[in-house]
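Each chain is listed here by its residues.
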Amino acid sequence: MYDLIIIGSGASALSAALEAKKQNLDVVVISKLRSFESGSCMAQGGINAVLNDKNDSVEKHITDTIKSAHDLADVQMIESMCKGAKETIEWLSNKGVGFSKEEDGTFSQRKLGAASHSRACYAQDFSGLKILQALSDSCIKEEIVMLEEYFLLSLYPQKTHISATFLDISSGEVVQFDARNTILATGGYASIYRGFSSNRDDSVGSGIVSALKAGVNLSDLEFVQFHPTTLKKSSILISESARGAGGIIYNQNKERFVDELLMRDIVSREIFKQIQSGNEVFLDITHIDHEFLEENLPQEIKLARVYEGINPLLEPIPIKPSAHYTMGGIDVDNKMQSCVERIYAIGECANAKVHGANRLGGNSLLEVVYFARKCVKNIHKESGDVAIEDKTVEDKRVIENIFAQKKRVDFYQVRQKLACEMFEKCGIFRDEKGLKEVLASVQMMKEEISHMGIDDKSRAYNTELVELLEFSNMLELSYAVICAALLRLESRGAHFREDFPQERAQYQKHQIIHQKNGILYSTFGEILS
Amino acid sequence: MKVSIQKSEGLKSYDIPLEDTVVLEALQYIKENLDTSLCFQRGCKSEICGCCAVMVDGKPVLACGTKVADGMTIQALSYHEIKRDLIVSKEFSKDLFHKTQAYLERCDETTLSSKTDEKRIELQSDCILCHSCYSVCPVLEVNRDFLGPFALTKVFRYAYEVKEKDQKTKIDLIQHNGIWDCTLCGECAVVCPQGISSKDDIIQLRIKSATLGYSDPKLSSFGGDFGFDPSGF
């Protein structure tokens, strides 16, 4: 019996684990991935923090964030995060993150899209990698138990504790862990657009679906950020820092059609419109000092070379927008607690309501580290008797059924179809007709799932089984995202309805999704002032 | 094209109708269309998470960043415990980091690093822990207790960290099965996808060790007094 189970192994999970250890909590980190490999390592641009008030101010950071969120945010949460940003950078630096520095020893900072000032601290364009590694190294130092390759199946909230069941990927066994409290740090769901996403393919929101089934409320699922500049062939991210440094966007006729440093939702839509009309779109950084690029954007230069086959120092980079970040997720209060006692959520899987309808570049790394540490400060050691029951029976039955099932429908093919339809009909532009069509498709796929078995009958490292479980979660979450998109009859930030192209005051409110007896219900909250 | 894969149950060949794609996408194609039991790691798809390193024709590469070609043979990384097919265990790396204190042990929070300080360890902290270097290191052929290239590079990264108050302990911990066991062959540098040379880091760590009074144990076995001794005359 632990004081705390943290599920996930990214920057938020590890920040929370370090804080838990500091508070002397008996903590375990459990992840479906191996250490050092979470999606956090893919963050390039940086982490926002106002470090001195010479030109910038915390108030300006707050204002930029609220504006980018299209007024769909919790101002107090944003204030708390922006005020805590400087200390967050110092904390990370003291964990060993090698931030880029200026000659005088101050932190280098750069301007990302829609920011009024240069305030993103960075480590070349390896910001996420270096943060993740320093946090992992610190967890090793603190001898925090980090269990790898355990896939979360179910959460069973009890009065005194939480039981969580996992598939031990290495053995194929269903196992149970129990703790007074559980923090979900399982990442976002941008890969429900698999093939059209800059994320790992397994970022399909599996942890969020487990939470939903356990009675946890979700919110604002319809807000999915499409990043404007990902490579045309592979959807691999080219960070906003390329535009911040002066990169320009144009079509094959060298016509510039958008201010490159506007908010991501606007730039993405303008690029996508060009592509839909048959144009090709490019990001051009050839005019920027090559020495500067090689020092500050080495990863991006390499990625363009390897995956697009061009030299970005000499040629423009072919780009397109791709699903990148999910603003919605597990609905949490200001202590990051979900509506179910003892279940907390942090990082991209949570909706802390700081990003609203459109996340500001450089705020995600800040959010994941800042709120992770804040969350754990509200969790305390408890005493008293706890009766632990075996909760693995149902999950074992589900797994055995999959093994026994005859494979009549190939889920790999269905998965591809789902992702394509999601991108086409529930993507950058949406309307009622398209959303209803994709909803009907998903309903049919859900009915077919009982015919989707697996060929591989091995127990150890059965990655086909893991992919089927993930696909099942992808279907559940896609269904919820489509419903949420259908019910928000307006356009706001990343959610753009062609049939309701304006922001509407009566929709300046969060949309809560919950599930009861297998049925989803949507409720809109109070209008935000 | 045809590719061969060393699976746990034996070498298997697959015909794949793909062109101009990377090894990782070829593996995914095989899994989805030809052999769903094939096991491999798939992560960021952009050479930054380090999880998909495999041996292609005997050389370690990132599957996501290497073009697939007709006749290739793909197998798991060398000197690693194979879990299944192309999946190896990397959990031992955490033990390596723990026993060499490859982390910030005693942080001097008042010290602010300069640009020069950061630059000194910038490349070493680009390591993505793909273990390519480990899988080509010839020392591991004869000594499986050798700490290996990536762990020593991580030690370098913290041994030259100005905020670290106790750099010396890290140096103490890499004397045995560490820096002096390296043959300086440079294979690690050749295969590193991030352009890191663990060999160069090891040379620097040897110099730092020497300033702290350490010397190559292989040389001290000569008695430490070889060479011209004027007092003999």
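What comes next is a walk through the structure. Since we're looking at a predicted model, the values are computed, not measured.

### Quick word on the overall build of chain A
And then number 1: Along the backbone of chain A there are 15 helices and 19 strands.
And then number 2: Projected onto its principal axes, the C-alpha coordinates of chain A cover approximately 65 × 50 × 45 Å.
And then number 3: Evaluated residue by residue, chain A yields a buried proportion of 66% over its 529 residues.
And then number 4: Across chain A, every contact between residues at least 6 apart in sequence was considered, and the portion connecting residues at least 24 apart equals 72%.
And then number 5: For chain A, the exposed surface amounts to about 18,400 Å²; the carbon and sulfur share of it is 49%.
And then number 6: Treating the 61 positive side-chain charges of chain A as one cloud and the 75 negative ones as another, the clouds have centres 2 Å apart.

### Some details on the overall build of chain B
And then number 1: Within chain B, the regular secondary structure consists of 9 helices and 7 strands.
And then number 2: When the backbone C-alpha atoms are referred to their principal axes, chain B occupies close to 75 × 50 × 25 Å.
And then number 3: Looking at the 233 residues of chain B, the share that counts as buried comes to 56%.
And then number 4: Long-range contacts, defined as pairs at least 24 residues apart, comprise 62% of the intrachain contacts of chain B with a sequence gap of at least 6.
And then number 5: Working note: accessible area of chain B is about 10,100 Å², and carbon and sulfur atoms make up 51% of it.

### Some words on the interface of chain A and chain B
Accessible area lost when the parts come together is the quantity often used to give the size of an interface.
And then number 1: The interface of chain A with chain B comprises 55 residues on the first partner and 53 residues on the second.
And then number 2: Buried surface at the junction of chain A and chain B, both sides included, amounts to about 4,600 Å², of which 46% is carbon and sulfur.
And then number 3: Three residues, R34, N94 and Y461 of chain A, lead the burial of chain A against chain B; their summed loss comes to 13% of the area buried on that side.
And then number 4: Connecting chain A to chain B are 12 salt bridges.

### A word on the nonpolar core
All names here are of chain A.
And then number 1: Core analysis: the largest hydrophobic core is formed by 234 residues, its most contacted members being L155, I183, L184, Y193 and I330.
And then number 2: In contact with I330, other than residues within four places in its own chain, are L184, I208, A211, V216, N217, L218, S338, A345, C349, A350 and N351.
And then number 3: The next biggest cluster of nonpolar side chains, apart from the first, holds 6 residues, and it includes L72, Y325, M327 and A357.

### As for the sheet that holds strand 19 (residues 519–524) of chain A
Residue and element names in this part refer to chain A.
And then number 1: Here 5 strands make up an open sheet; going across it, the order is 17-15-10-18-19 and the pairing mixed. Two strands close off the open sheet at either side, each with one partner strand: strand 17 (350–351) and strand 19.
And then number 2: Pairing of strand 10 (residues 218–219) with strand 15 (residues 329–331), which is carried by 2 bridges, proceeds in the antiparallel orientation. Within the sheet, the bridge partner assigned to S219 lies in strand 15 and is G329.

### Thoughts on the side chain of R243 of chain A
And then number 1: On the secondary structure map, R243 of chain A appears in helix 7 (residues 241–244).
And then number 2: The contact partners of R243 of chain A, leaving out residues within four places of it in the chain, are H227, P228, T229, I249, E260, L261, V267 and L283 of chain A.

### Things to note about the sheet that holds strand 12 (residues 248–251) of chain A
Within a sheet, each strand pairs with its neighbour through backbone hydrogen bonds, oriented either parallel or antiparallel.
Residue and element names in this part refer to chain A.
And then number 1: The strand order across the open sheet built from 4 strands is 11-14-13-12, with neighbouring strands paired in antiparallel fashion. For this open sheet the edge positions go to strand 11 (224–231) and strand 12, each flanked by a neighbour on one side alone. Each neighbouring strand pair of the sheet contributes to a mean axis angle of 45°, computed without reference to strand direction.
And then number 2: Relative to strand 14 (residues 317–326), strand 11 is paired through 6 bridges, and the arrangement is antiparallel. Note on strand 14: the bridge partner recorded for T230 is K320.

### A closer look at the environment of L92 of chain A
And then number 1: Mapping L92 of chain A onto the fold places it in helix 4 (residues 85–94).
And then number 2: With 92 residues separating them along the chain, L92 of chain A and L184 of chain A place their C-alpha atoms 21 Å apart.

### Thoughts on helix 5 (residues 149–159) of chain B
And then number 1: In terms of residue burial, helix 5 of chain B counts as a mostly covered element, since 11 of its 11 residues are buried.
And then number 2: Of the residues making up helix 5 of chain B, those classed as buried are P149, F150, A151, L152, T153, K154, V155, F156, R157, Y158 and A159 of chain B.
And then number 3: Check the buried side of helix 5 of chain B and you find it contacts helix 5 (127–141) of chain A together with helix 2 (92–99), helix 3 (115–122), helix 6 (167–173), helix 7 (187–191) and helix 8 (198–211) of chain B.

### Looking at the packing of aromatic side chains
And then number 1: One pass over the full model with this rule turns up 20 aromatic pairs over all chains.
And then number 2: Look at F99 of chain A and F107 of chain A: their rings are 5.6 Å apart centre to centre, the planes differ by 75°, and that puts the pair in the edge-to-face class. In this structure, F99 of chain A and F107 of chain A share a single accessibility class: buried.
And then number 3: Where F97 of chain B meets F150 of chain B, the ring centres are 5.9 Å apart and the plane angle is 80°; that geometry is what we call edge-to-face. Of this pair, F97 of chain B sits in helix 2 while F150 of chain B is found in helix 5, placing the two residues 53 residues apart along the sequence.
And then number 4: Its relative accessible area of 0% is what places F97 of chain B among the buried residues.
And then number 5: Its relative accessible area of 2% is what places F150 of chain B among the buried residues.
And then number 6: Among the aromatic side chains, those forming a connected cluster through ring pairs are Y193, F196, F226, F272, F423, F429 and F496 of chain A.
And then number 7: Between R110 of chain A and the ring centre of Y122 of chain A, over which it is positioned, the NZ or CZ distance is 3.8 Å.
And then number 8: Sitting above the plane of the Y158 of chain B ring, R157 of chain B keeps its charged end 4.1 Å from the centroid.

### Digging into the packing of helix 13 (residues 411–425) of chain A against helix 14 (residues 432–448) of chain A
All names here are of chain A.
And then number 1: In contact at an axis separation of 9 Å, helix 13 and helix 14 are set at 160° when each is read in the N-to-C sense. In terms of axis orientation, helix 13 runs roughly antiparallel to helix 14. For the pair helix 13 and helix 14, the sense of crossing is left-handed. Contact residues: helix 13 offers V414, K417, L418, E421, M422 and K425, while helix 14 offers G434, L435, E437, V438, S441, V442, M445 and E448.
And then number 2: Considering only residue class, the contact of helix 13 with helix 14 consists of 7 nonpolar, 2 polar and 5 charged.

### Concerning the pattern of salt bridges
All names here are of chain A.
And then number 1: Under the criterion given, the structure shown has 59 salt bridges over all chains.
And then number 2: The salt bridge involving D201 is made with R194; its shortest N-O contact spans 3.5 Å.
And then number 3: Note on D201: relative accessible area 10%, which makes it buried.
And then number 4: Of the residues examined, R194 reaches a relative accessible area of 8% and is grouped as buried.

### Details of the environment of K86 of chain A
Residue and element names in this part refer to chain A.
And then number 1: One can find K86 in helix 4.
And then number 2: Residues K86 and L51, spaced 35 residues apart in sequence, show a C-alpha to C-alpha distance of 5.6 Å.
And then number 3: Excluding residues within four positions of it along the chain, K86 makes contact with A49, V50 and L51.

Procedures and definitions
Residues numbered from 1 in each chain as written. Chains lettered and ligands numbered in written order. Predicted model: local features only at pLDDT ≥ 70, side-chain atom pairs only at ≥ 80, totals over all residues. Heavy atoms only, no water. Helix = DSSP H or I, 4+ residues; strand = E, 2+ residues; numbered from the N terminus. Buried < 20%, exposed > 50% of the residue type's maximum accessible area, 1.4 Å probe, protein only. Contact = heavy atoms within 4.5 Å. Areas by Shrake-Rupley, 256 points an atom, 1.4 Å probe, with all protein chains shown as cover. Lys, Arg positive; Asp, Glu negative; His and termini not counted. Charge placed at Lys NZ, Arg CZ, Asp CG, Glu CD. Buried area = accessible area lost by both parts, 1.4 Å probe. Salt bridge = Lys/Arg side-chain N within 4 Å of Asp/Glu carboxyl O. Core = buried A, V, L, I, M, F, W, Y, C linked by side-chain atoms within 4.5 Å. Pairing = 2+ DSSP bridges. Axes fitted to C-alpha atoms, helices over the stretch in contact; angles between N-to-C directions. Phe/Tyr/Trp six-rings, centres within 6.5 Å; stacked < 30°, edge-to-face > 60°. Lys NZ or Arg CZ within 6 Å of the ring centre and 35° of its normal. Parallel < 35°, antiparallel > 145°, perpendicular 65-115°, else oblique. Left-handed = near helix turned anticlockwise from the far one by under 90°. Nonpolar A, V, L, I, M, F, W, Y, C, P; charged D, E, K, R; others polar.

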